[in-house]
Amino acid sequence: MNVVEAIKKRASVRSYLDKPIEDEKLNAVLEASRLAPSAGNRQEWRFVIVREGEVRRKLGEAANGQSFVGEAPVVIVACAVTDGHVMSCGQPCYPIDVAIALDHISLAAVEYGLGTCWIGAFNEKKVKEILGVPDEIRVVELMPLGYPVYKSVKEKSRLPLKRIVKYERW
Ligand SMILES: Cc1cc2nc3c(=O)[nH]c(=O)nc-3n(C[C@H](O)[C@H](O)[C@H](O)COP(=O)(O)O)c2cc1C
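The notes below deal with the structure included here. The structure displayed is predicted, hence computed values, not measured ones.

## Here's the deal with the site of the ligand
Near the ligand lie 14 residues; those nearest to it are Ser12, Arg14, Gln66, Trp118 and Arg158. Here an oxygen atom of the ligand sits 2.7 Å away from a polar atom, N or O, in the side chain of arginine 14. One nitrogen or oxygen atom from the main chain of alanine 121 is found 3.1 Å from an oxygen atom belonging to the ligand. Here the ligand, which alone exposes 620 Å², has 60% of that area covered by the protein.

Laid out in structure tokens, this is it:
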């Protein structure tokens, strides 16, 4: 599968088979995150890989009760070791860098027949308590990973290019 095919095929998966992920596939997906670019090559991302069922269930609760999060065989908890560095453009780099790494994960997952869903609706304090994440570390996103329960493929609901692209000037 090429990258464009993976981009087109990726969709949020909110229903997972009760089937473990092979270690080689999990490692291959994580390797895709390791190769991501980051500002100044800071590589501030850190991932907690949660497979234990009860902990996954608690993460689902901490994700505003989105129980499907804990139903996936793996929950990737994407964290950042950050000094809060802000780029000269005014943007903090850690959420951007972690998001790029997670996007690599979501696309590599497609290659291996796995599904993901970005989870930004969660309580950081609760997630930190569940996993023993130190105070100075930020939890940026959660991402369940698993074999999807296939549903009919829906057309992506997106703005047309002409609404989002301007050429030469704003
Ligand atoms: C930063 C971010 C946070 C998101 N948080 C959630 C979430 O908490 N729960 C959820 O079900 N989907 C979440 N989503 C998924 C979006 O709803 C989804 O990507 C969007 O509707 C487009 O659908 P698609 O991913 O199937 O293409 C999130 C997506 C992003 C990028």
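On we go.
## Topic: the layout of surface pockets
A volume near 860 Å³ is recorded for the largest pocket. Along the wall of the largest pocket there are 27 residues; nearest its centre are Lys9, Arg10, Ala11, Ser12 and Val13. Put simply, the parts of the chain that give the lining of the largest pocket at least two residues each are α1 (3–9), α5 (93–111) and β3 (115–116). No other element matches the three residues that α5 contributes to the lining of the largest pocket. Counted by class, the lining of the largest pocket contains 10 nonpolar, eight polar and nine charged residues.

## Structural notes on the nonpolar core
If you look at the biggest cluster of nonpolar residues, it comprises 21 residues, and the most contacted ones within it are Ile76, Ile105, Leu114 and Leu145. Of all elements in the fold, only α2 (23–34), β2 (74–81), α5 and β4 (137–146) reach the threshold of two or more residues within this core. Excluding its chain neighbours within four sequence positions, the residues that come into contact with isoleucine 76 are Leu30, Phe47, Val48, Ile49, Ile105, Glu141, Leu142, Met143 and Leu145. Formed by 20 residues, the second largest nonpolar core is a distinct cluster that contains Ala62, Val69, Ile119 and Val139.

## Some details on the pattern of salt bridges
This model, assessed by the stated rule, comprises eight salt bridges. The shortest N-O distance in the salt bridge between arginine 51 and aspartate 23 comes to 3.7 Å. In this pair, arginine 51 sits in the loop between β1 (45–50) and α3 (53–62) while aspartate 23 sits in helix α2, placing the two residues 28 residues apart along the sequence. Between lysine 125 and glutamate 129 there is a salt bridge, and its shortest N-O distance comes to 3.3 Å. Of the two residues, lysine 125 and glutamate 129 both sit in helix α6 (residues 124–131), four residues apart, roughly one turn of that helix. Residues joined by salt bridges that share partners form a network here, namely Arg42, Glu44 and Asp83.

## Looking at the pairing of β4
Counted residue by residue, β4 has nine buried out of 10 residues, so it is predominantly covered. By the bridge criterion, eight bridges tie β2 to β4 in an arrangement that is antiparallel. What sits directly across from valine 81, in β4, is isoleucine 137. When β3 meets β4, the two strands line up antiparallel, connected through two bridges. From the neighbouring strand, threonine 116 faces β4, where its bridge partner is leucine 145.

What counts, and at which threshold
Residues numbered from 1 in each chain as written. Predicted model: local features only at pLDDT ≥ 70, side-chain atom pairs only at ≥ 80, totals over all residues. Heavy atoms only, no water. Near = heavy atom within 4 Å. Polar contact = N/O pair within 3.5 Å; in protein donor to acceptor, adjacent residues only side chain to side chain. Areas by Shrake-Rupley, 256 points an atom, 1.4 Å probe, with all protein chains shown as cover. 1 Å grid on protein atoms, 1.4 Å probe; cavity = no way out; pocket = protein on both sides within 12 Å on 5 of 7 lines; lining within 4 Å. Points joined across faces, edges and corners; volume = space filled by probe spheres on them. Helix = DSSP H or I, 4+ residues; strand = E, 2+ residues; numbered from the N terminus. Nonpolar A, V, L, I, M, F, W, Y, C, P; charged D, E, K, R; others polar. Core = buried A, V, L, I, M, F, W, Y, C linked by side-chain atoms within 4.5 Å. Buried < 20%, exposed > 50% of the residue type's maximum accessible area, 1.4 Å probe, protein only. Contact = heavy atoms within 4.5 Å. Salt bridge = Lys/Arg side-chain N within 4 Å of Asp/Glu carboxyl O. Pairing = 2+ DSSP bridges.

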